[in-house]
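If you want the building blocks of each chain, they are given just below.
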Amino acid sequence: MVLLKWVGSKTASCKVIADKIGTVSGRYIEPCIGGGAVLFELQSRKSLNGEIFVSDTDADLINFWKAIRDYPEDFKQHVRHKVENGTYCHKNYYHIRKIFNGEKTDSVILNTHRDHMRVISSAAVVYYLNRTCFNGLWRRNSKGEFNVPVGSNSGINLTFMDSETDRYTKLLQNVHIDCVDFEEAVRKAQKGDVVYFDPPYYSKDGTNFTQYGGEIFDKEKMDTLYAVATNLSIRGVRVFISAPGYFEPTKIQAKRVKETYILMVGRPVNRNGGGREPVEEKLMELEVGG
Ligand SMILES: C[S@@+](CC[C@H](N)C(=O)[O-])C[C@H]1O[C@@H](n2cnc3c(N)ncnc32)[C@H](O)[C@@H]1O
């Protein structure tokens, strides 16, 4: 089970991706961390021997992972209290969602007890919404508002929340977590490091974009990512990029691709999430060196 369900999660393919990445002796950098399936798989295998840097542009998500890393006891206590006093229930879903969308999470500097409580309560609300919303989808509209309706699932299981929080806290202990764009995140990468990009996917016809926040990750952004990835690989960084099966790199991009691994993964295919059929995903490994 995962602590946070995330659109585009690599839960189904993380084992194969971790096999391809292998043991990392330099730094490991993952700039689109989302639910962190690949990071957690690599950490469970003890494959990461250097410093670890993960990031994302979703401030609520980054706040969540920091709370799990730094304040697990406060987080668990807060969630338990809200479930037991009846606040975190299906009936309150739309009210809590409205408050959540009205409060902007930013990188809180922890000077006061109030700041600390903001980090904990925001992480707890993310967890509540993620567990209670329809199909565990985490999607936002173009204004960056979380807009998923309430689901029919049973909500928060406190026993699971306790044990999974502890497990993830251990896996995050030595991990640097930042809220930055991918370009900023990989600036520190140098020869011998590994960067794994799992950017948002855009649809086959290039018209539909998976929305994670206000900014749309379109073809232009994807081209920037490939240019950044190319530079990294020329500088001696091992680079891996995930993409949907239909993605075809341009001729220039393809020249840097050393290997393309085709992964077949099970995915929910209908709106109820009931049917599952294999979906093709790609993992591209870039050539290292000039
Ligand atoms: C496909 S998801 C990653 C899923 C993740 N690998 C997992 O297993 O859950 C893509 C992530 O990229 C993030 N993202 C979107 N634009 C970004 C940007 N410009 N820089 C960094 N991350 C970005 C989204 O917030 C989202 O969490």
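Residues numbered from 1 in each chain as written. Predicted model: local features only at pLDDT ≥ 70, side-chain atom pairs only at ≥ 80, totals over all residues.

**Regarding the overall build of the protein**
What counts is decided by this rule: Secondary structure counts use DSSP, requiring at least four H or I residues in a row for a helix and at least two E residues in a row for a strand, with both numbered from the N terminus. With C-beta atoms placed from the backbone, a residue is labelled by how many other C-beta atoms lie within 10 Å of its own: buried for 20 or more, exposed for 12 or fewer, partly exposed between the two. Contact between two residues is assigned whenever their backbone-derived C-beta positions fall within 7 Å.
Regarding its fold elements, the protein presents 10 helices and seven strands. The 290 residues of the protein split such that 35% are buried. Partitioning the contacts of the protein with sequence separation of at least 6, the portion at a separation of at least 24 is 73%.

**Things to note about unusual backbone geometry**
In this structure, Lys46 takes a positive phi of about 60 degrees despite not being glycine. Tracing the chain through its elements places Lys46 in the loop between helix 2 (37–44) and strand 2 (52–55). At Asn135, a position not held by glycine, the phi torsion is positive, near 60 degrees. Structurally, the position occupied by Asn135 is in the loop between helix 6 (113–132) and helix 7 (158–172). Asn135 sits in the partly exposed class, given 17 other C-beta atoms within 10 Å.

**A word on the environment of Pro31**
Relative to the assigned elements, Pro31 resides in the loop between strand 1 (28–30) and helix 2. Taking the C-alpha atoms as reference points, Pro31 and Glu184, 153 residues apart in sequence, are found 8.8 Å from one another. Apart from the residues lying within four places of it in its own chain, the contact partners of Pro31 are Ser55, Phe182, Ala185, Val186 and Phe197.

**Some words on the site of the ligand**
Convention followed: In this analysis a residue is considered near a molecule or strand if the C-beta atom, reconstructed from its backbone, is found within 6 Å of that molecule or strand. Gly is put with the polar residues, along with every residue not named as nonpolar or charged; the nonpolar set is Ala, Val, Leu, Ile, Met, Phe, Trp, Tyr, Cys and Pro, and the charged set is Asp, Glu, Lys and Arg.
Close to the ligand lie 22 residues; Gly8, Cys32, Gly34, Gly35 and Ala37 are nearest. The residue inventory of the shell around the ligand, partitioned by class, reads 10 nonpolar, seven polar and five charged.

**Examining the nonpolar core**
The condition is simple: Connectivity within a nonpolar core runs through C-beta atoms within 7 Å, and the core itself is a set of buried Ala, Val, Leu, Ile, Met, Phe, Trp, Tyr and Cys residues. The domain limits used here are those given by an automatic or database domain assignment.
In terms of nonpolar packing, the biggest core is built from 68 residues, with Ala123 and Val195 touching the most fellow members. Per-element tally for this core: the top contributor is helix 6, with nine residues. Shared between two domains, this core holds at least three residues of each, these being domain 1 (1–57 + 180–290) and domain 2 (59–171). Apart from residues lying up to four places away in sequence, Val195 is in contact with Ile29, Val186, Ala189, Leu232, Val237 and Val239.

**Considerations on the pairing of strand 5 (residues 238–244)**
What counts, and what does not: DSSP-based pairing: two strands are paired if at least 2 bridges between them are found.
Counting buried positions along strand 5 gives six out of seven residues, so the element sits mostly inside the fold. Here strand 4 (residues 194–197) runs beside strand 5; their pairing, made up of four bridges, is parallel. Bridged to Tyr196 within strand 5 is Phe240.

**Overview of the packing of helix 1 (residues 14–21) against helix 2**
The packing of two helices is summarised by the inter-axis angle and the distance between the axes. Short version of the rule: Here the axes come from fitting lines to C-alpha atoms, over the contacting stretch only for helices, and the angles between their N-to-C directions go from 0 to 180 degrees. Under this scheme an angle from 65 to 115 degrees is roughly perpendicular, one under 35 degrees roughly parallel, and one over 145 degrees roughly antiparallel; angles in between are oblique. For a crossing to be left-handed, the near helix must be turned anticlockwise from the far one by less than a right angle; the clockwise case is right-handed.
Where helix 1 meets helix 2, the axes come as close as 9 Å, and the angle between the chain directions of the two elements is 60 degrees. Taken together, the axes of helix 1 and helix 2 are oblique relative to one another. The two elements helix 1 and helix 2 meet at a crossing, and its hand is right-handed. Contacts between helix 1 and helix 2 involve Cys14, Lys15, Ile17, Ala18 and Ile21 on the former and, on the latter, Ala37, Val38, Glu41 and Leu42. A per-class count over the contact of helix 1 with helix 2 returns seven nonpolar, no polar and two charged.

**Things to note about helix 1**
Applicable threshold: Comment: arc refers to directions from the helix axis out to C-beta atoms.
Residues Cys14, Ile17, Ala18 and Ile21 constitute the buried set of helix 1. One side of helix 1 carries all its buried residues, which in axial view fall inside an arc of 100 degrees. Directly beyond the C-terminal end of helix 1, a positive phi value near 70 degrees is found at Gly22.

**A short note on the packing of helix 4 (residues 72–84) against helix 7**
Packing of helix 4 against helix 7 leaves a shortest axis separation of 10 Å and a crossing angle of 165 degrees. Regarding the angle of helix 4 to helix 7, the classification is roughly antiparallel. Crossing angle aside, the handedness with which helix 4 passes helix 7 is right-handed. Between helix 4 and helix 7, the residues in contact are Pro72, Phe75, Lys76, Val79, Arg80 and Val83 and Leu158, Met161, Asp162, Thr165, Asp166 and Thr169, respectively. Grouping the amino acids of the contact of helix 4 with helix 7 by side-chain chemistry returns six nonpolar, two polar and four charged.

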